[in-house]
Structures are given as structure tokens and as C-alpha cells.
Amino acid sequence: MLVNKSFYPGPRSFSTVTSMQRQMEQLQLQLASGKRFNSLAEYGTSRTHDLNLRARLGRIEGYEANVTTTENRLSFLNNAIERLDEIEADARALAVPSAYGSDGLNMVNASQQAGTMLKEVIDLLNTDIAGQFIFGGHVSDKRPLSSFDQILHGDAIGRAGFSQVATERKAADLGTAGLGRLTMDAGGTATATLSEDGAHPFGFKLASMAGGGTYATISQPNGTAPQSVGVTFTDVAALKAGDTITVGVTYPDDRNRVEYVTFTATTDDPPGKGQYLIGDTPEATAANFAAAMETKFADLGKTSMASASTAAAADNFFNTKGEPVLRVVDNAPDDPVALSADTAYASTVRWYNGQVESTDPRGTVTTQIDETTRVRVGVTADESGFATLIKTLASFAISDFTTTDNETSEETAQKRAQFDAMSGIARVRLSEERNTTEGSIESIALELGLAAHTVGQVKTRHAEYGGQLKTMLAEIEQAPIEEVAMQLMTLRTRLEASFQATTMVSQLTLVNFLR
Amino acid sequence: MGLSSTLSNALSGMNASQRGLEVISRNVANSGTPGYHRQAVVLTETHYGQASQVRMGTVQRAFDQALQKQHVISVSDTSYHAVRASFLDRLQVEMGKPGDANSLDTLYTAFENALQALATTPDSMSNRAGALNAAQAMVERLNGLSGAIQTMRHETELQISNAVAELNRNLTSLAEINNRILDTAYDPAARLAMMDERDRVVTAISEMVDVSVSYRDNGTVALMTRGGVGLLDNQPSEFQFAIGGAVSATGEAGMLELVTPGGHRVQMNGLLSSGRIAGLLEMRDTTLVNAQNQLDEIASGLALAMSTLPSDTAVSEAAGTFTVDLSAMQRGDSFALTYMDGGVEKTVRVVASGETVTDPANLNAAGERVIQFDLSDAGNAAAALQAALGGAFSFGDDGGDGLTVAGNAATLVGVSSRITATAAQGGGLGLALFTDAGGAAFTNSLDGAGQKLGFAGRISVNQGLIGNTDLLVKSTADASLGDAARPNHLLYNLRNMRFVSENITALKDGGVRLSGRVGDLVSQTINYQGDTVARGFAQYDASTMTLDAVISRMDSAYGVDIDQEMARLMELQNAYAAGARVVSTVQELIDALLAM
């Protein structure tokens, strides 16, 4: 660096000319690159502002990428859920009591159609985006639902599927006596008692008894299991044909729903269904009453109880909300008296393999689309809407309502009664009233719709804000072309003038004039 | 006699004109020579009796001591700022402009966004690979910048040694010139030329170091630095500089020493205030070190944000007594006790370290009192801490690896831990994404010079993650790939953890201390460096303008104006011709007289 060597008596104007030329080069560079600043130091005081703007813009771009990913996921989810809603409607249509069709066509059809619909539901809930499953919460590398065959019929290593669980449950609920785990007895006395055969969760449970009056006294259940009710006939003469005694029982699929079985006194011999012959003595009447109960409950056992049992088995097998799967504990040669939880799924097929989140399924997958805005788009396939649909379809799929050629009319009637009972249960479970419960398909669709709305709003906000920031950044960094061009022109004029003046001055020396 | 005195007058006048012509010719010949001072003839009149004569007195050399001193100062300052500007220019090219593809702020934003994408879709392999790529790019840039800074420091040392060699040469030759000037046997014209040379050499020396010149009456000079260290009196002192080997952030730098003629050694690091060498030293020891420190802060912040476990790790509380599990602590990990002292909340931070510091002089930058201890054994640690912190707390040992703390004289508000993750899985949500050289964990250990010093040159991405990107997501072996807990934790730390730098730049450089989140650290660094470069350029421009002004003053004071010399030449020419005419007239008269 020649500091003092630049002593050469060149006029100072030369150095200013050099600096003007350097300035010209800089302006040319600005014009060519379009940027006002071409090095870090040139930014000066706008450096801080520039850095902040760029940091903000970078963040926004990151969030916009997240928004795209979330929108993609939401569209896949919505497609699947819309179709599931249609299947739910179809399921409702197929479970219509008393719509047997000609020769029971509808009943046969119901079973097969339920199977097909169940397969479709399983496929929909196993939707994936490029290999990541979206209906399992954040467990995205395993299929949320096991396959149709595994669920219904068990798997190759001998674990039980739904059919086996349902069979076990039906046997447990019916009891070896075939009376739905109830015992009825008169025992030669004037009191006919009806009692549960033990303290266990199977079979009928007695809720109430009503009727009686002058001719009989009723004893109510006393609240401790096993319950029993009784009718003590007092005055046979006061008993007339048409007097009714009603027993309230609950079925295993829903212990809050009481159904009433009515026994009418009659003088017909033999008494019809649900009727008992008025005897001469209270003892005889009691005996007749007990016999009538036995016939009635045997019949109910084969029809309503079978369907209710299947529904209860579905509740046991398709466990939701973190509860374990329940199996009937074998108690041979006696009837089973307990359910056990198979928490390790050692002998039962696990129908749902995704994340188990009972309190906040939506929160299993969250994405951040803004500084403080997170959208929650997680869906687990064991939510109540999906589970109820699957339970209903599975129940229909494993039931066989086909009429064979050489069956009696009574068997046909029983099958029809089973179909009615199953359809009744299905209609209640799938009814539109349940749309507002948490986890129903409609409420899931609503929550996802709200998330999509939020995403859309945030996307618009990002686009606007990003545009504003880009404008501000351009104002700082872009070289204003007109200004630069004007400066170039003025500089050119000054340079030309300087060159002229320098040349003139250098000619003006006395040496030129000496002779 | 009339005629002879006329003759001798005319002859002396012609003599004087000759001498004058000689001086003019010398001026004109040297009009382009740098460092030449205009010479002028001083004529005096003498008389013997009735005859007066012109006698040439001395040749005077144009010299203004004040101007000379001003020049020397300007040259030093300009040289100082020039060398700084050249290095700062290189620094700003390395750092790049905000928004450039390889600028730190762009790379940091890309890294943060890659982590964001990872938190949104952790099960996507391309997102995991993208996060690692962004981390790698950031790390490579930090390494590159750090390497560039250390290379520049090494170059300053090379340039210092060159400058020192030149300086010594100049000092020796100035001493010789002094001696020759003292010798009055020299021809005056030669003496004047030597004085020009003397001034040139003084300027050359002032380019290297700041000098304060004293001009003696006999023409010799004595040199001192502006700070008062003698450079040349009778004999020159010698500068010595030993290059410090491979320059690195943690290595020793070379030392500049001055050896006086008597053998006394003076350390000059910090005694020079201006000149090229001082500029190089300033770059090596202050500006570039500041830049390196700031990069180290960024690297340390990145590594700690990724690997720090939540602050309640290893701390449990039962009925007012806190238990800290010391088994998880590595050197550099720490726990902090927050307590109330006279209504003011204070913090004591106990850092696991190989050295013991029990009574620090000052609070650290975050306002905490930092105590360093060996925390490998809970029992020993409890006893030592109790001795160090006195009655404010009561420390105990729970029999295993836990240290119990309870408030005694002071009310204990809380205990929080700052522990870095060790294993990739099973240790918590933190992940050692960035490691030190050789795969060692970065824990900001305070042992020795501190692990943070030079870390920007050593930081690298954890090699264990390169082949196994699942570890970015799976904090335990059986976690699912879709669980975004770990990426969310990493992102939360990156966006919220605050760091305060212990290093603060000098007040004259702005007194800047980096503080804030990692993104803030990056912005502040780029801003500060840009500012420094701009300031360096501005100072260089200002000093150059001052030097230009001084030089043009010197031009007009010492420079040769050709026109003036030509005019003078014409005068002398006429005077000579007139004198010659007088002589020839006298000659004719004498001839006429003799011819009588």
C-alpha cells in the first residue's frame, strides 16, 4: 500500500477523477445486478431491517409448506369420511325390521351386503398417503385395522376372531338350559319365582315385575345380584282372563334398556304364547305361570337374546377408548360366570392397531401453520362413530338368516325374530340422534371442516403478509433504475468536464513558451 | 579601486547566478522525485570597506516541522485503517449479504423450516433427510467461516513479520543517515539530499508504527512511539516477532517485542496505537477474535438447543426438598438454584466441571453466580457445596446419586437443571444433533479455556444420525415414526431457548453482547460484522481524505513549481548576462586604459 509513495506531484484532481471512475463502476454494477447493495457493508443502517424482513419471510415460507401438507391430509381424510357416512346410511337402510323380502331374500342379502360393506369400511380406514396411514393417530407405519378375515374369523396362529367370540358369548348368555340364565320354579307352592342363576354379566337380568292386585302379590327385585322376582297367587277366583303380569328384563347388549314381557291369564287350554292357564288352586296357577315363563323365555332365548348377545359380543371384541378386549372365561361343565380381559391379545385378534387415544383423538396429529396456530387433524379408527358402524356390520355379517328348505315354520319365524331384534338394535345404534355424540362420523367431519377453514384463513393471511414483506424488501434492496441512470449521466458529465479541465491545465506551462 | 571592485562585484554576482542556476537545475530535475524538498539559494550581502559583495549563503531546503509532524501522523493512521479495510473487505465477502445462498441467515432459516416440516410429517423420509441436509449445510458454513477467520489471522502474522523486517531495515538505515548528517565534512548539497532521504525513511517507518519525531538542530532525528517507547536515539532498537505457529482459535498468537540497544526487552502488544503493525495486531487480536467468538456463540446455541433436555429432568421435589440426580450430569451440565434474598430473586448455578471455582468475582452475563464443582460423587459434592455456599442452603446426599437441596437461611424458590442428552434414544426428547470434533458431545464445558472457544470450526453433524434418520423422531425404541414429540421439542427449544454471550466487544467497537435465541444471534452477528466493515471503510476513507489534504499542503510547501523555476531561470539568465556584460565592459575599459 503505497501511502507515502503517492507523493508524486500529481495534482489532486487526478485522485478525484479516479474516485469518480470507481463510483461509475459501482453504479454500473447496480444497474446490471438490479440490487442497490452489492456487499454487506454497503447496507448501512438498513441492514437490521433487511435481516428482520428476511427472517420473517423465511418463517412464512416454512408455514406455507406446512399449510400445503395439512390441506393434502385433510382432503384425503374428508374423502374417506364422506364415503363412510354414505355407508352408514346404507347400513341403516339394510337394517329394517320386518322387511323380510319375498322368501326372506332381504335377510340373506343383509348378511352378504353387510360383509361387503364391512370390507369397504376396513379399506377406507386403512387409507394411506404415500405409505403413511392417516387413521391410526400418529402411528402411521402400521395398518390401523386388521384384515377382514382376521377380524371375523381369527388368524393363522389360533387367536380368536369375532365369530368365535360371538359364539362363546351366545352360549354364555343362553345358558345350557336355554333359558337365558334364568330359573323359574313354582315348587308346588303358590309362589312362582323367576331368578337369575348367578351374579355374572350374562343372560337376562331382572329389572321389575308389575301386575297382580287382588289375586296375587308381586315381590320386586331387591337390588342385590342375583335378583329374583316372584308372584304369589292368593285368590284364584279374583283372577280373570286378560289380567296381565309383566316382567321387565334387560338384555346383555344394553343394560339400561328394559323390555317388558307380558304374561296374560287365560282360560284357553292349551294356553297360547305368553299366556298362562288359570288353575283351580293358587298352586296350580303358580305352576302354570312358571311353565308359561319357561316357554316364553326359551323362545326369547333363541331369538332376541341371540341378537342381543351378538351385539354384546361386538362390544366386547371391538374394544374402544383404551378398554381391553373381553373374553368369556370357560367354566366347563358349568355355565360361564365371568369375563376376562385379554390385555396382551394372546388369544384374541386385535382389531385396531393404531394409537389408542381416548381423551383427544384430534390432538394425535397437530401441525403448526403459524406462530401460535396449530391445527389438530388426527383421527383414530377406534372412535365411537367408526366402531359402532363396524360393530353393526360385523354383527350382521356373521349372522346367518338363510332359510333352508326343510326347516319348520317355527324355525323360519325364529330367524325372522332374530333379524328383527338385530335390526332393532342396529337402528338404535346407528340412529341420527347419535350424530352429536363425541366421535361420531358427523362430528369428526365437522371438526375436520373447522380445521380446514382455519387452514384456509391462515393461508390467505400468509399470502397477504408475505406479499407485504416482499414489497418492503424490494424497496430496501432494489436499485431504483431511474435514479441510478440519472446518477450515471451526471457522473459522466462531471468526468468529461474533469478530463477537459485536466488536459487544459497540463498544457498551461511556461516551458511551452520559452524560446 | 573602482574598476576592480566593479569587477569583483560582477564576478560574485555571476558566481551567485551560477549557483542559483545549479539549484534551479536540481529542483527541475527532481521535480518528479517523491520526497524531494524544494531548495532555494539564500544570498547575503557582505562588504569590505567600500566594496560590497554578494555571497551565497546557504542553500535552504523547504521544511515545515509542524507540517512534517502532521504528515507522519496521517500516514500512520491511513496505513492502520488501510490494512484493516483490506482484511474487513475479505471478511464481508466471506459472510455474504443477507439473502445470499450461503449467507448464515438464509441457511439458518432453511434449517428451522426443515425442522418445521419434520415436525409436521415426521414419518416422511424425505423430510428427515431434508432436516439433516439443512443441518449439514449450516455446519459447513460455520466451519468454513471459522476457517477463513483463522486463515486471516495467520496471514496477519505473516504480514506482521514482513513489516517488522522492513521496519528494522528502515530503522538501521535511519541511524546511518543520522550519522552521516552529523558529519559536517559532507558537501552541503549531498547533506540536503540525505535530509530528503531522512524524511523519506521517517515516513516509511511511520507507515509501520506510530512515531513521534523530534528534529534536532543538527539535522538528526530521534524517534519514539506515540506512547513513549524509544525507537531511535543514537542507535536503533530492534523489533522482534515470532510467528505463533498454526494459528487457531485456541492456540497462542505470536508476540511482538522491542529490543533496546541496551538489551532491554519491551513487549509491544498493545503499546502501538497506529500504523500498519498496530492495524494487523488489532485485526488478529480483537476484530477477528470478536468474529470468531460470535460464530462460536451461534454454534454453541445450535448444539445446546438441540441437545438440552427439559429443565425438570433429573430434578424431583418432595416437601420443599429438591433432589438432583447427578448421574446424568456431564462436564458442562449444570443445575440452578433460585432463591429469594431480601426480596430479590437470585440464582446460583452449579456447573459440573473438573476445576473448582467457589467464589466468582462477578455474576455471569445472565445474572447468575456460577460455581464450578466436580459433581461426580454426590457425597463429596454435598459437603463441598455446603462449605462453599454457607448457611443459605443445606445440602445432603440421598445415598445414591442424588444431591438434596433445601433452603435454610434463604427461601428456595426452585431448582432447574440444564442437562444435555447423551444417548440418542431412551434419554429424553433432546437429541445431540450437533457434536464436537471426533463425535464428542458438546456440553459447553467450562474446563480449561472452555469448550465453546473455537467450536464453530469443530461443530459437525452427529455421524450416528446419517445412516439412521429415524433417531430424529424416535426418542424411545418403540415410539412410532409418526409421533412428532421429539421434533416439536427440538423446534421449541430452537425457537425459545435464550442464550447470552459472556464476551462483550470493546466500547469503542460498540460494546455489543450477543443475546437472544439462535435466530437472533445469527442476525446480530451479521449486523455487527456488517457494521464493523462499514465503519472500517468509513474510517479508511476519512483518513485517506486527511492524508490527501496534508499531501496537497506539502505539495504547495515543498513541491517544485516548474513555472516558478522557469521564471527564476529567466531572471538568473538575464542577471548572468548582465553581469557578463559588466565584466566585458570593465574588460574593455581596462583594455582602453592599458592601450593608452
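Here, every reference points to the structure presented above.
Residues numbered from 1 in each chain as written. Chains lettered and ligands numbered in written order. Predicted model: local features only at pLDDT ≥ 70, side-chain atom pairs only at ≥ 80, totals over all residues. Heavy atoms only, no water.

Let us look at the nonpolar core. Within the largest apolar cluster, 99 residues are counted, with the highest numbers of intra-cluster contacts made by B:F111, B:L223, B:F239, B:I277 and B:F434. With 19 residues, the top contributor of residues to this core is helix α4 (residues 125–182) of chain B. Contact partners of B:F111, with chain neighbours within four places excluded, come to B:A131, B:A134, B:A135, B:L302, B:M306, B:L433, B:F434 and B:L494. Ranked by size, the runner-up nonpolar core spans 65 residues in total, among them A:I81, A:A110, A:V375 and A:V379. (Core = buried A, V, L, I, M, F, W, Y, C linked by side-chain atoms within 4.5 Å. Buried < 20%, exposed > 50% of the residue type's maximum accessible area, 1.4 Å probe, protein only. Helix = DSSP H or I, 4+ residues; strand = E, 2+ residues; numbered from the N terminus. Contact = heavy atoms within 4.5 Å.)

Another point: the pattern of salt bridges. Scanning all chains against the criterion turns up 52 salt bridges over all chains. Here A:R159 and A:D155 are joined by a salt bridge, their closest N and O atoms 3.0 Å apart. A:R159 sits in the partly exposed class, given a relative accessible area of 22%. Salt bridges sharing partners connect three or more residues here, namely B:R84, B:E282, B:K508, B:D509 and B:R535. (Salt bridge = Lys/Arg side-chain N within 4 Å of Asp/Glu carboxyl O.)

Look at helix α1 (residues 2–29) of chain B: 40 Å from first C-alpha to last across 28 residues, which is about the 40 Å you get at 1.5 Å a residue. Considered for burial, the residues of α1(B) that qualify are B:S5, B:A10, B:S12, B:M14, B:A16, B:S17, B:G20, B:V23, B:I24 and B:N27. (Expected span 1.5 Å × (residues − 1).)

It is worth spelling out the packing of helix α6 (residues 276–307) of chain B against helix α11 (residues 518–558) of chain B at this point. Residue and element names in this part refer to chain B. Taken N-terminus to C-terminus, the directions of α6 and α11 make an angle of 165°; their axes are 9 Å apart at the nearest point. Between α6 and α11, the angle falls in the class roughly antiparallel. As α6 packs across α11, the resulting crossing turns out to be left-handed. Taken together, the residues of α11 that come into contact with α6 (itself represented by T287, N290, A291, Q294, E297, I298, G301 and L302) are V518, L521, V522, T525, Y528, Q529 and T532. (Axes fitted to C-alpha atoms, helices over the stretch in contact; angles between N-to-C directions. Parallel < 35°, antiparallel > 145°, perpendicular 65-115°, else oblique. Left-handed = near helix turned anticlockwise from the far one by under 90°.)

The next subject is the side chain of A:T310. Within the secondary structure, A:T310 is located in helix α7 (residues 304–317). Excluding its chain neighbours within four sequence positions, the residues that come into contact with A:T310 are A:F162, A:K170, A:S395, A:I398 and A:M422.

Right, let's talk about the side chain of B:D436 for a bit. Residues and elements named next belong to chain B. Looking at where D436 falls in the secondary structure, it is placed in the loop between β17 (434–435) and α8 (455–458). In terms of polar contacts, D436 uses its side chain to reach the side chain of R458, at 2.8 Å. The contact partners of D436, leaving out residues within four places of it in the chain, are A441, F442, Q451, F455, R458 and S460. (Polar contact = N/O pair within 3.5 Å; in protein donor to acceptor, adjacent residues only side chain to side chain.)

All names here are of chain B. The strand order across the open sheet built from three strands is β3-β4-β5, with neighbouring strands paired in antiparallel fashion. Lying at the two open borders of the sheet, with one neighbouring strand each, are β3 (211–215) and β5 (230–232). Pairwise comparison of adjacent strand axes, ignoring direction, gives a mean angle of 30° for this sheet. Note that strand β4 (residues 221–225) and β5 share two bridges and pair antiparallel. (Pairing = 2+ DSSP bridges.)

We now examine the environment of B:L337. Residue and element names in this part refer to chain B. In this fold, L337 is placed in strand β11 (residues 334–341). Among the residues examined, L337 registers a relative accessible area of 0% and is labelled buried. Distance in space between the C-alpha atoms of L337 and A62 is 75 Å, their sequence separation being 275 residues. Excluding residues within four positions of it along the chain, L337 makes contact with K346, T347, V348, F393, F395, V405, L412, G414 and V415.

All we've got here are geometric facts, nothing functional implied.
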